[in-house]
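The lines below spell out each chain.
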Amino acid sequence: MTPEKPPTATAPKNRPAAMVSGGSSGLGLVIARRLLARGYCVSILGRDAGRLENARVELAGDNNDSADLIAVTADATSPDDAKRAVEAHLNAFERLDVLVNVVGRSDRGRIEDLDAQTLRELFEANVISALQCSQACLPALRKTRGTIVNIGSLAARVAPRFLGGYVIVKHALAGMSRQMRMECEADGVHVGLVCPGPIAGDHAPNRYGVDAKSKLPADAAAPGGGAKLKLLDPVDVADAVLRCIEKREIEIIMPGKTRLLMAINAVSPKLADWILSKKSSK
């Protein structure tokens, strides 16, 4: 990553401050906007400098030199970039109260066709990114007894068809979140997990490459892999992140009604699989 001039800001020292990885677009951008509205100073991280600057300008609005917002070009999977991002954040705001790990990547395909390299790349994007950013932020978060929120997925709690390696890595992220929470609670750092179903947004047509050659049903290309669920408003997901921060919630699953399936699974996995098969692509 090419070194860049550290962003600076002169925000009030008593303001809480948050870092959002993957904050240049999609859900990350919405979360950053909601945090700013809640009174947080915010740093957003992303790999694409141009898109990141566009996001910063959009978030800043009329106040283009907003002192409560900075953008840092960084690869969340790189430990050096993660450390540099934390340094830039602290240089700007002098404190860190919240880290929201949003960086992630989805997938489509059958497990029998999943190749090891694709799984490695998914693991980097969904798990290693959260690990590197969390490790870099923990010293500052201990000082404020702050919060880490990881953005998981319903796929971390259920395993529908045709989501390729995504189910695997989101289960791994859920496990990492729990272990981290158990280890960090003695230092006053809370670790929460938000597991949303498919989220509404500007999804590129057939972004997963589902076609006749893939041998997958056409609706597997839809958000959620064709799960029969209403698309979630990203603002509602962002508000769930805020609840996770402010009420120190351990885990929020969206939509809430899907908790019933998880309860059934604890009693009868066979029945849960049958229900899930009726609610997802075939």
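Looking up the chain in an unreviewed UniProt entry gives the name SDR family oxidoreductase, with the organism given as Aporhodopirellula aestuarii. Entered under Sequence similarities (unreviewed entry) in the UniProt record, the comment concerning the chain runs "Belongs to the short-chain dehydrogenases/reductases (SDR) family."

How do you make sense of helix α7 (residues 259-267) when you look at a structure like this?
Three- or four-residue spacings in an α-helix give side chains the same orientation, since the helix completes a turn every 3.6 residues. Looking at α7, one finds that the buried residues are L261, M262 and I264. Take α7 and look down its axis: the buried residues cluster within an arc of 160°, on one side only. Along α7, the residues that are exposed and aim more than 90 degrees away from the buried face are L260, A266 and V267. On its buried side, α7 packs onto β7 (251-254) and α8 (269-278).

Any chance you could explain the packing of helix α4 (residues 116-144) against helix α5 (residues 166-184) here in plain terms?
A pair of packed helices can be characterised by two numbers: the angle between their axes and the separation between those axes. With their axes 8 Å apart at the nearest point, α4 and α5 run at an angle of 20° to one another. The angle between α4 and α5 falls in the class roughly parallel. Crossing handedness for the pair α4 and α5: right-handed. Across the interface between the two elements, L119, L122, F123, N126, V127, A130, L131, S134 and L138 of α4 pack against Y166, I168, V169, K170, A172, L173, M176, M180 and C184 of α5. A per-class count over the contact of α4 with α5 returns 15 nonpolar, 2 polar and 1 charged.

It is not clear to me how the packing of helix α3 (residues 79-93) against α4 should be interpreted in this structure. Could you clarify?
Contact geometry for α3 and α4: axes closest at 8 Å, N-to-C directions at 35°. The handedness of the crossing between α3 and α4 is right-handed. Across the interface between the two elements, P79, A82, K83, V86 and L90 of α3 pack against Q132, C133, A136, C137 and A140 of α4. Grouping the amino acids of the contact of α3 with α4 by side-chain chemistry returns 8 nonpolar, 1 polar and 1 charged.

Is there a simple way to think about the nonpolar core in this case?
Most often, soluble globular proteins have nonpolar side chains that are buried together. Residues I31, L35, V42, V100, I151 and V194 are the most contacted members of the largest nonpolar core, which totals 35 residues. Setting aside its immediate chain neighbours within four residues, I151 contacts L27, I31, V100, N101, V102, K170, L173, V194, P196 and V241. Counting 33 residues, the second-largest nonpolar core is a separate cluster that includes A76, A85, V86 and F93.

What's the story with unusual backbone geometry in this structure? I'm lost.
Apart from glycine, the bulk of residues carry a negative phi angle, and the bulk of peptide bonds sit in the trans form. With an omega dihedral of -5°, the bond running from M254 to P255 counts as a cis peptide bond. Mapping P255 onto the fold places it in the loop between β7 and α7. At R145, a position not held by glycine, the phi torsion is positive, near 50°. Tracing the backbone shows R145 in the loop between α4 and β5 (147-151). For R145, a relative accessible area of 51% gives the class exposed.

When you look at the state of the cysteines in this model, what are you seeing that I'm missing?
Note on terminology: disulfide describes a covalent bond linking the sulfur atoms of two cysteines. Inspection of every chain in the model, using the stated rule, returns 0 disulfides. Unpaired in terms of disulfides, C137 finds its nearest cysteine sulfur in C133, a separation of 6.3 Å. Looking at the unpaired C195, the closest cysteine sulfur is the one in C244, lying at 9.4 Å. For C195, a relative accessible area of 0% corresponds to the buried category.

I tried to follow the pairing of strand β4 (residues 98-101) on my own but got confused; where do I start?
For a regular strand, the rule is simple: side chains alternate between the two faces of the sheet. Taking every second residue as pointing to the same face, both faces of β4 are buried, with V98 and V100 on one and L99 and N101 on the other. Relative to β4, strand β1 (residues 17-21) runs parallel, the two being bridged by 4 bridges. Within β4, the position partnered with S21 by the bridge is N101. Pairing analysis gives 4 bridges linking β4 to β5, with the strands arranged parallel. Across the sheet, the residue bridging to V98 is T147, located in β5. Between the parallel elements β4 and β5, the chain passes through α4 in a crossover that is right-handed.

Teacher, can you tell me more about the side chain of S43 here?
Residue placement: S43 occurs in strand β2 (residues 41-46). Non-local contacts of S43, meaning those with residues more than four positions away in its chain, are made with A18, M19, V20, I70, H89 and F93.

Reading the values: the criteria
- Each chain has its residues counted from 1, following the order in which its sequence is written.
- Given that this is a predicted model, residues contribute local features only at a pLDDT of at least 70 and side-chain atom pairs are listed and counted only at 80 or more, while totals for whole chains, interfaces and linings are drawn from all residues.
- Note that water and hydrogens are dropped before the side-chain values are worked out from all heavy atoms of the structure.
- UniProt positions are given in the numbering used here, feature names are shortened, and annotations may be inferred rather than shown by experiment.
- When accessible area is computed with a 1.4 Å probe and restricted to protein chains, residues below 20% of their type maximum are described as buried, those above 50% as exposed, and intermediate ones as partly exposed.
- Counting from the N terminus, the helices are the DSSP runs of H or I reaching at least four residues and the strands are the DSSP runs of E reaching at least two.
- In this description, the arc belongs to the directions extending from the helix axis to the C-beta atoms.
- Should any heavy atoms of two residues lie within 4.5 Å, those residues are counted as being in contact.
- Axis geometry follows a simple rule: fit a line to the C-alpha atoms, using only the stretch in contact for helices, then measure angles between N-to-C directions, giving values from 0 to 180 degrees.
- Put simply, angles under 35 degrees are roughly parallel, angles over 145 are roughly antiparallel, angles from 65 to 115 are roughly perpendicular, and the rest are oblique.
- Put simply, a crossing is left-handed when the front helix is turned counterclockwise from the back one by less than a right angle, and right-handed when it is turned clockwise.
- All residues other than Ala, Val, Leu, Ile, Met, Phe, Trp, Tyr, Cys, Pro, Asp, Glu, Lys and Arg, Gly among them, are scored as polar; the first ten of these are nonpolar and the last four charged.
- Buried Ala, Val, Leu, Ile, Met, Phe, Trp, Tyr and Cys residues that are joined via side-chain atoms within 4.5 Å together make up what is termed a nonpolar core.
- Whenever a pair of cysteine sulfur atoms sits within 2.5 Å, that pair is classed as a disulfide.
- Any two strands with at least two DSSP-identified bridges between them are counted as paired.
- A crossover gets the label right-handed when its path from the first strand over the helix to the second runs clockwise, viewed with the strands pointing away from the viewer.

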